[in-house]
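So the chains spell out like this:
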Amino acid sequence: AGSVASPVWPVAQSEGQVLSKLSLFIYLLTTIMLLAAALSVGATMLISLLRRTQEMALMKSLGADVWQIILIFMTTALLLGLMGGAGGYLLSTVVAAYLGQAVFGVAIADQSLLLPLSLGAAVFICVLGMLLPLRKTLQIEPAMILKAGV
């Protein structure tokens, strides 16, 4: 009177479908969050542009090269991305360690390999969010801005 173990394929298949849908949802959510971050950076850079319009117009009127202006905005985006990436990495490490211990009762393995990925992604998002404000900056007509005293 022995028992026979047989796989329950419908249950396993159903779990696989749920996991694939959950993965798709996570990827979609991640994409939306990345776009929101790029829009936020774009808004930050646009505000920076609006505050520095006269300065940029003066630089252009004094003969500043387009690449010098691009360098100013790229440096700002790079620093913003590095600070955001480092902060995000540190915050996510602390939260993951807490949740791993509190929910699952295990310590999370060292994820230091994610630091370059976090920094790279943050810099990429900042540069992406900076493109439209940079384009607007390069279209500034120095004479009109300086004459208006904006």
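Caption draft 1: Spatial organisation of helix 2 (residues 53-61). Taken residue by residue, helix 2 has T53, M56 and A57 as its buried positions. One side of helix 2 carries all its buried residues, which in axial view fall inside an arc of 100 degrees. Contacts from the buried residues of helix 2 go to helix 1 (9-51), helix 3 (66-104), helix 4 (114-138) and helix 5 (142-148).

Caption draft 2: Geometry of the side chain of T53. Mapped onto the elements, T53 comes out in helix 2. A residue is classified by how much of its surface remains accessible, and T53, at 9% relative accessible area, is buried. If sequence neighbours within four positions are ignored, T53 has contacts with I140 and I145.

Caption draft 3: Structural context of the nonpolar core. The biggest cluster of nonpolar side chains holds 14 residues, and the ones touching the most others in it are M45, M56, F73, A77, M130, L134 and I140. Taken together, the elements giving at least two residues each to this core come down to helix 1, helix 2, helix 3 and helix 4. A total of four residues in this core trace back to one element, the largest contributor, which is helix 3. Setting aside anything within four residues of it in sequence, one finds M56 in contact with I69, I72, F73, T137 and I140.

Caption draft 4: Examining the pattern of salt bridges more closely. In total, this model carries one salt bridge according to the counting rule given. The partner of R52 in a salt bridge is E55, with the nearest N and O atoms 3.3 Å apart.

Caption draft 5: Structural context of helix 4. For helix 4, spanning 25 residues, the distance from its first C-alpha to its last is 35 Å, which sits close to the expected 36 Å at 1.5 Å a residue. If you look at helix 4, its biggest bend is around 40 degrees, right at L131, and the proline P133 turns up within four residues after that. Listed in full, the buried residues belonging to helix 4 are A122, V123, I125, C126, G129, M130, P133, L134 and T137. The inward-facing, buried residues of helix 4 abut helix 1, helix 2 and helix 3.

Caption draft 6: Main features of a nonpolar patch on the surface. A cluster of nonpolar residues, L91, V95, Y98, L99, V103, F104 and V106, forms a patch on the protein surface that exposes about 750 Å² of accessible area. As for its position among the elements, L91 is in helix 3. L91 sits in the exposed class, given a relative accessible area of 57%.

Caption draft 7: Local environment of the packing of helix 3 against helix 4. As a packed pair, helix 3 and helix 4 sit with axes 7 Å apart at the nearest point and diverge in direction by 145 degrees. Where helix 3 crosses over helix 4, the handedness of that crossing is right-handed.

Caption draft 8: Quick peek at the packing of helix 1 against helix 3. Packing of helix 1 against helix 3 leaves a shortest axis separation of 12 Å and a crossing angle of 140 degrees. Relative to helix 3, helix 1 is oriented oblique. Along this stretch, helix 1 crosses helix 3, giving a crossing that reads as right-handed. Where helix 1 approaches helix 3, its residues V41, M45 and L49 are matched on the opposing element by F73, T76, A77 and L80. Partitioned by chemical class, the residues of the contact of helix 1 with helix 3 number six nonpolar, one polar and no charged.

Scoring rules and cut-offs
- Residues numbered from 1 in each chain as written.
- Predicted model: local features only at pLDDT ≥ 70, side-chain atom pairs only at ≥ 80, totals over all residues.
- Heavy atoms only, no water.
- Buried < 20%, exposed > 50% of the residue type's maximum accessible area, 1.4 Å probe, protein only.
- Helix = DSSP H or I, 4+ residues; strand = E, 2+ residues; numbered from the N terminus.
- Arc of directions from axis to C-beta.
- Contact = heavy atoms within 4.5 Å.
- Core = buried A, V, L, I, M, F, W, Y, C linked by side-chain atoms within 4.5 Å.
- Salt bridge = Lys/Arg side-chain N within 4 Å of Asp/Glu carboxyl O.
- Expected span 1.5 Å × (residues − 1).
- Bend = angle between axes of the 7 residues up to and from the residue.
- Patch = residues over 30% accessible without salt bridge, like charges linked within 9 Å, V, L, I, M, F, W, Y side chains within 5 Å.
- Areas by Shrake-Rupley, 256 points an atom, 1.4 Å probe, with all protein chains shown as cover.
- Axes fitted to C-alpha atoms, helices over the stretch in contact; angles between N-to-C directions.
- Left-handed = near helix turned anticlockwise from the far one by under 90°.
- Parallel < 35°, antiparallel > 145°, perpendicular 65-115°, else oblique.
- Nonpolar A, V, L, I, M, F, W, Y, C, P; charged D, E, K, R; others polar.

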